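The primary structure of each chain is shown beneath.
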Amino acid sequence: MASASLTPEISLCPLPQSDGSCQYTCPTSRTTILTSVNGPLEVRAKDELPNDATIEVVVKPGVGVGGVRETRLAHILQTTLKSLILTTHHPRTLIQIVAQIVQSEDHTSIPLLLSPLLNCTVLSLLIAGIPMRTTGWSIHLAVLPAGTDIPNKNRNMIVGQETDGEAMQTDGEDVVVRNPNRAVFAKAKSSHTLTFSKEGEMLLIESLECSEGKGGESADGQGWEIDEWVKVMEIAQKLCCGEGVEVMRNALGEKKVF
Amino acid sequence: MTSPTSPVLQPRGDSGAPLTFSTSLFRHISPSLYLQRHLLRKPPTRPNNRQPSQHRDLTLTTNSLGHAHGSAVVRAGDTAVVCGVRGEILTLLPGDDTSIFESYNHLSTSATHSYSSRSSGGAGWGELITPNVEISTGCSKKYPLGPPGALAQTLSDQLRELISASKLVELTSLRIYDQDADREAAQKIKGYWSIYVDILCISLDGNILDASWYAIVAALASAKLPLATWNQNEERIVCHKSLHHPVMLRSCLPFITTFAIVPVLGLPGNGTVDESVQTANIMILNDPDSYEEDEAVETLTILSTTVFTVETTQTPNVSSIKTRIERMEKIGGWKLGMSQLAQCIQLAAAKAAHYTETLLQEGSWSKQSNQTSASLRTF
C-alpha cells in the first residue's frame, strides 16, 4: 500500500499539438509540472550552432510572471539536458522545451521544483522522439536531524521504511526522506537534488545546507562532511537506477518509444 | 606556444608544402582541440600557463568606495569585480512579526508570504541581505549592454542562495533597538538594517562566481554601519554621527571554489580505446578562465568551510584539515566520478586557506573585530 503511493502520477501526451508532452505529479510533495517539447524546429539565426542543436528551456511559474528563480531553473535544466540529448544528430536546429509549474506548495523553492521538472522533461523528450544518449531520473532527498518528529501520514517518505511503516528509526542517525513536502522539508538540515542516468552516472548535484538559524557564529560547523554526502548519494543512486527506471519503463510501456 | 600545439595539415593537392597556420589562429578556429593539445603536454599546462589544479592569485582592496558602508575590489587574473555594501533602514510597524527577519530559511506560516515574495525580484520576504550582480558593463563582449541577461539573473540568485545557505551574517546584529525602553528585548526592536550587496563586474575572464563571493565576504567583513537607534521624541530611527559598528560574520568563513571539467581525448596513461576507460578521460581545471569555461562540459562549485588545526609541537605545518561542505552543485556532463570529487574538495580547502590569508593580510577581518562588535551591541 505504502509503496503504491510513492509512484508518481504520469500522464503522457496531454497536449496533442506539441511533439511530446507530459504531466507529472510528485507522489509526496504534490508538485505538478506540465512540459511540452517541440523539435527539431527552425532556429533563429543568432542562436544557431554549426555542429549542435540549440536547446531552449523556458520555465513558466505557477504564480505571477517569470523572474530570476525561473531563469535559474531553466539554466540548470538546460545544462543537464544538453548532456543527455544527442545534440549532434540535429545540427542547426532548435529543440524547444517549455515547462509549466501547475501546482506547488512553494513556488519559489528550487529543491521542491527541480526534481519533478527534470523527470517530467525527460519523459516528454522521450515522447517527442528526440534522440538521447540515455535517460535520467532525478530525486530530491532531504536529511533531517535524528529524532525529528515526522507525522504518521508522511512516514512513507522516510527512505528504508516504505514497506513497513511500523519499523522504528534507529536513534542517533540522521533521517533521510525522499521528495519531502513543504512541511517536512522545513525541518531538514540539508537538501540534495541528485540526478542519475540509467547507467548510474552522476548528472546533476544540487546539494544545499538549508537548516534554519540566525546565522553568524551560530552557523559555524554546519554543513556535512564528504562521507555523509556519499551515503546520501548512494541512496539516491540506488533509487534512481532501480525505482526511477522502473517507473519510467512502466509509464512508457505501451508507447513503444524505445 | 611552440610547435607541439600547431597542427600541420597536409593539403589535398600535390603542391608540396604542408598548410600551417599560426598558434593564435589555431586558438580561434578550433578552441577545443587547442585546449586539448595543451592539456596533453607533460606536465599538462593550460593555455594560460597554469597547472590544471592551480588557481589564480587574488588581489583584494577593501573600502575604496566612499559612499558605501563597505566595499571590496577583487581581482583574479583578468576577472575583476567591485562589491559595494549599503545598509538601509527597515522600520518595523507595530504588529510586524520579527521572527521572519531573525532566521535564515525561515518557513513562514502564512502562505501569502511565498506569493508576495514574487514581486521583490527573487529575494524572499524577510531576507535582509539582497545581492545583485551587474555584468552588462562592457566587461566582456559576450554580454552586451542592456537589461540583465540569463547569466546575471542566475548569478544573483546563486549568490542569494549562498548567503542563506552559509548564513554568513548574524542577523541579530542587524537589529535596531529602542535604547530607552525598558520592555522586553523582543519589543525593543524597532527596525532592521536591510543590506544591499551590489556587484559590478569590471572585467570578465571566467569564474565570476568565486570572485563575486569573495568580494561579498570581504565587503561585508569591512562594512561599518552607523549606530542607529530609535528616537522616541521624533518617533523614527536616527543614525549616530560618528559611531559605527561592524556587521558580524561567522568566525569560520565559507568560501566557494569552481572547477571546470573538460573532456580530453587520448589522455596518456590509458591508451586503450575501451569505452569505460574513455569516460575517465577528463581533466579538472581549477578556477577556469572564460576560454576554458566555453569548452567545459561540466561545472562543479563547492561552498565549504575549512578548519585548520596547526600542530605547534611540530614545524608549523597544517596537520589536520577539516572540511565541511555547505553547498555543492554540479551541472552538465556525466563524467565526474567520486575520486575526482574528493580531489576537488581538497583543492577547495587549499583555496580557502589562500583566501583567508589574503583577507587577513588586508586586515579587514579578524576575530577581534567580531568581539568588539559584540561589546558594541550591548551598548
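Treat the numbers as computed from the prediction; the structure is a model and nothing was measured.

Chemist: Tell me about the interface of chain B and chain A, and name the residues and values.
Modeler: Listed as interface residues are 51 residues of chain B and, on the opposing side, 50 residues of chain A. The junction of chain B with chain A conceals about 4,500 Å² of combined surface from both sides, 52% of it contributed by carbon and sulfur atoms. There are 8 salt bridges connecting chain B and chain A. In this structure, Arg69(A) and Asp157(B) form a salt bridge, with 2.9 Å as the shortest nitrogen-oxygen distance. Our enumeration of links across chain B and chain A arrives at 32 residue pairs in polar contact (both at pLDDT 80 or more). Broken down by secondary-structure element, the contributors of at least two residues to the side of chain B that touches chain A are α3 (111–116), α4 (150–166), β14 (318–331) and α9 (338–362) of chain B. Per-element accounting of the side of chain B that touches chain A gives the leading share, 10 residues, to β14(B).

Chemist: I'd like a rundown of the nonpolar core, residues and numbers included.
Modeler: Within the largest apolar cluster, 71 residues are counted, with the highest numbers of intra-cluster contacts made by Leu81(A), Leu125(A), Trp229(A) and Leu300(B). At 12 residues, the largest contribution of residues to this core is made by helix α2 (residues 110–128) of chain A. Leave out the neighbours within four places in its chain, and Trp229(A) touches His192(A), Leu194(A), Met202(A), Ile205(A), Ser207(A), Trp224(A), Met328(B), Met338(B) and Leu341(B). Counting residues in hydrophobic clusters, the runner-up holds 62 residues, among them Ile176(B), Tyr177(B), Cys201(B) and Leu249(B).

Chemist: A description of the packing of α4(B) against helix α6 (residues 208–222) of chain B should follow, citing residues and the corresponding values.
Modeler: Residue and element names in this part refer to chain B. At a minimum axis separation of 11 Å, α4 and α6 run at an interaxial angle of 50°. With respect to each other, α4 and α6 are oriented oblique. Regarding α4 and α6, the two cross each other, and that crossing is right-handed. On the side of α4, the interface is formed by Leu155, Gln158, Leu159, Leu162, Ile163 and Ser166, while α6 contributes Ile208, Leu209, Ser212, Trp213 and Ile216. Taken together, the residues of the contact of α4 with α6 break down into 8 nonpolar, 3 polar and no charged.

Chemist: For helix α4 (residues 226–252) of chain A, give the residues involved together with the corresponding values.
Modeler: Residues and elements named next belong to chain A. With 27 residues, α4 extends 36 Å from end C-alpha to end C-alpha; this agrees with the ideal 39 Å at 1.5 Å per step. Along α4, the largest kink reaches about 30° and is centred on Cys240. All of the buried residues along α4 are Trp229, Val230, Val232, Met233, Ala236, Leu239, Cys240, Gly244, Val245, Val247, Met248 and Leu252.

Scoring rules and cut-offs
- Residues numbered from 1 in each chain as written.
- Chains lettered and ligands numbered in written order.
- Predicted model: local features only at pLDDT ≥ 70, side-chain atom pairs only at ≥ 80, totals over all residues.
- Heavy atoms only, no water.
- Contact = heavy atoms within 4.5 Å.
- Buried area = accessible area lost by both parts, 1.4 Å probe.
- Salt bridge = Lys/Arg side-chain N within 4 Å of Asp/Glu carboxyl O.
- Polar contact = N/O pair within 3.5 Å; in protein donor to acceptor, adjacent residues only side chain to side chain.
- Helix = DSSP H or I, 4+ residues; strand = E, 2+ residues; numbered from the N terminus.
- Core = buried A, V, L, I, M, F, W, Y, C linked by side-chain atoms within 4.5 Å.
- Buried < 20%, exposed > 50% of the residue type's maximum accessible area, 1.4 Å probe, protein only.
- Axes fitted to C-alpha atoms, helices over the stretch in contact; angles between N-to-C directions.
- Parallel < 35°, antiparallel > 145°, perpendicular 65-115°, else oblique.
- Left-handed = near helix turned anticlockwise from the far one by under 90°.
- Nonpolar A, V, L, I, M, F, W, Y, C, P; charged D, E, K, R; others polar.
- Expected span 1.5 Å × (residues − 1).
- Bend = angle between axes of the 7 residues up to and from the residue.

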